[in-house]
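What the coordinates show
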Amino acid sequence: MTIDSLGTPFAGGGLSATLRDMAKLGQAILNNGKVNNVQAIPQQAIDSIRQGGNPEVFAKADYTTLPKGSYKSMWWILHNKHHAFAARGVHGQTMYIDPTAQMVIVRFASHPIAANGVNDPTSLPAYQALAEYLLQQKNF
């Protein structure tokens, strides 16, 4: 919850966390909700996020930068070959999780245009390329 300069409360944005906090949360989600072998986030919640929504229904929203995507429980699911998914803010903030590459990327941003579609053409391929690079390094 945040409060504007007039003292009006607002809920729906304004999460205060450090980059490290967000990376730890992303790592916990990547680890199926476990932190130090303790199930901190219920497995059922993680499974629900990873399943995502219905891509056919999502396609009707015409998010051209996420052609196979879906949205569920405040998570964007890419339904790509790595089963990647992300929590995203409208100014480019991202927690991108790639289970196949065992990778978490956290990005803080303040893009002047409040639309993920503006960042997607550069950020999503960059995240995928990094995942592919990491997987290649594991094969050596």
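Figured I'd write up the structure that's included with this text. Once a new chain begins, its residue numbering starts again from 1 and follows that chain's sequence as written. The predicted origin of the model limits local features to residues at a pLDDT of at least 70 and limits the giving and counting of side-chain atom pairs to 80 or more, whereas totals for whole chains, interfaces and linings rest on all residues. Side-chain figures throughout are based on the complete set of non-hydrogen atoms in the structure, without hydrogens or water.

What follows concerns unusual backbone geometry. The backbone of Asn36 shows a phi angle near 50°, a positive value even though the residue is not glycine. For helices the rule is a DSSP run of H or I covering at least 4 residues; for strands it is a run of E covering at least 2, with both sets numbered from the N terminus onward. Secondary-structure assignment places Asn36 in the loop between β3 (34–35) and β4 (38–39).

Relative to the assigned elements, Ile113 resides in the loop between β9 (103–107) and α4 (116–138). A residue is classified by how much of its surface remains accessible, and Ile113, at 44% relative accessible area, is partly exposed. Put simply, Ile113 and His91 are 22 residues apart on the chain and 6.5 Å apart in space, counted from C-alpha to C-alpha. Whether two residues are in contact is decided by their heavy atoms: any pair within 4.5 Å suffices. Beyond its immediate chain neighbours, meaning those up to four positions away, Ile113 contacts Val90, His91 and Val118. Think of it in three bands: residues with accessible area under 20% of the maximum for their type are buried, residues over 50% are exposed, and the middle band is partly exposed, with areas taken using a 1.4 Å probe on protein chains only.

We now examine the pairing of strand β7 (residues 85–88). Moving residue by residue along a regular strand, the side chains alternate between the two faces of the sheet. Pairing of strand β6 (residues 75–77) with β7, which is carried by two bridges, proceeds in the antiparallel orientation. Across the sheet, residue Trp76 finds its bridge partner in β7, namely Ala86. For two strands to count as paired, DSSP must find a minimum of two bridges between them. As defined by bridge partners, β7 adjoins strand β8 (residues 94–98) across four bridges and the pair is classed as antiparallel. Opposite Ala86, over in β8, you have Tyr96 as the bridge partner. Counting the residues in the hairpin turn of β7 and β8 gives five residues, including Gly92, whose phi is positive at 100°.

Strands sit in the order β5-β6-β7-β8-β9 across an open sheet of five strands; the sheet is antiparallel. At either margin of the open sheet sits one strand with a lone partner, and together these are β5 (70–72) and β9. For this sheet, the mean angle separating the axes of adjacent strands, direction not counted, is 20°. Where β8 meets β9, five bridges bridge the pair, whose relative direction is antiparallel. Looking across to β9, one finds that Asp98 is bridged to Met103. Across the face of the sheet, helix α1 (residues 19–30) comes into contact with β6, β7, β8 and β9 while running at roughly 150° to β9. In the packing of α4 onto the sheet, the strands contacted are β6, β7, β8 and β9, and the crossing angle to β9 comes to about 145°. Only the stretch in contact is used when fitting a helix axis, every axis being a line fitted to C-alpha atoms; angles between N-to-C directions are given from 0 to 180 degrees.

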